[in-house]
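Spelled out from the first residue to the last, the chains are:
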Amino acid sequence: MKSFFSAVFGFGFGLFVEGFSRIIISFFHKQEFYFFGIESLPGFSWILIIYIVSFMATWLGVMLALSMADPNSKNAFYVITSLIVFWIIFETLASIKVVPLWYLMTFPITSLLGLFTAKFTYNLNRTHNASSDS
């Protein structure tokens, strides 16, 4: 149960960070706010920033979830992976008619890359800490 709630909290935290960055961009440029997609982004450089923020938000959320569910990190990883995949599917279906195809094809890569980078970082950190404890 701890791994489930850790994964849900980590997923929610990642969504919060990504959504907060979109709110800042929309307030800064005085444009309408969209939680996903590129309608509210003023230019291509901001799309690159959203890619970076999406990667970092996913990485932070997954690292948080795995750290909170430490003995059960494998279960938390499966749950948060499922949540992220379902979110990608929802986001794609919700914006399929208003977002260019290149964005729909590339944006999920940032979340998946953040997910697997966090898993790699977490395992590397655990291995490093285990070898330094002995």
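No experiment lies behind these values; they were computed from the predicted model shown.

1. Notes on helix H2 (residues 44-68)
Relative to the 36 Å expected for 25 residues at 1.5 Å per residue, H2 spans 36 Å between its end C-alpha atoms, a close match to the ideal helical length. Ile47, Ile50, Tyr51, Val53, Ser54, Ala57, Thr58, Gly61, Val62, Met63, Ala65 and Leu66 are the residues of H2 that are buried.

2. A look at the packing of aromatic side chains
On inspection of all chains with the given rule, the structure shows 10 aromatic pairs. With a centroid separation of 5.1 Å and an interplanar angle of 25°, the aromatic rings of Tyr103 and Phe107 are classed as stacked. Note that Tyr103 and Phe107 are positioned in helix H4 (residues 101-133) at a spacing of 4 residues, about one turn of the helix. For the residue pair Tyr103 and Phe107, the accessibility class agrees, reading buried in each case. Put simply, the rings of Tyr51, Trp102, Tyr103 and Phe107 pair up and form one aromatic cluster.

3. Focus: the nonpolar core
If you look at the biggest cluster of nonpolar residues, it comprises 16 residues, and the most contacted ones within it are Phe11, Val62, Leu66, Ile80, Ile84 and Leu115. Every element with two or more residues in this core is listed here: helix H1 (2-29), H2, helix H3 (73-95) and H4. Broken down by element, the residue count for this core peaks at 5 residues, all from H3. In this structure Leu115 touches Thr58, Val62, Phe77, Ile80, Thr81 and Ile84, once residues within four positions along its chain are discounted. With 8 residues, the next largest nonpolar core counts Ile25, Tyr51, Leu104 and Phe107 among its residues.

Calculation criteria
Residues numbered from 1 in each chain as written. Predicted model: local features only at pLDDT ≥ 70, side-chain atom pairs only at ≥ 80, totals over all residues. Heavy atoms only, no water. Helix = DSSP H or I, 4+ residues; strand = E, 2+ residues; numbered from the N terminus. Expected span 1.5 Å × (residues − 1). Buried < 20%, exposed > 50% of the residue type's maximum accessible area, 1.4 Å probe, protein only. Phe/Tyr/Trp six-rings, centres within 6.5 Å; stacked < 30°, edge-to-face > 60°. Core = buried A, V, L, I, M, F, W, Y, C linked by side-chain atoms within 4.5 Å. Contact = heavy atoms within 4.5 Å.

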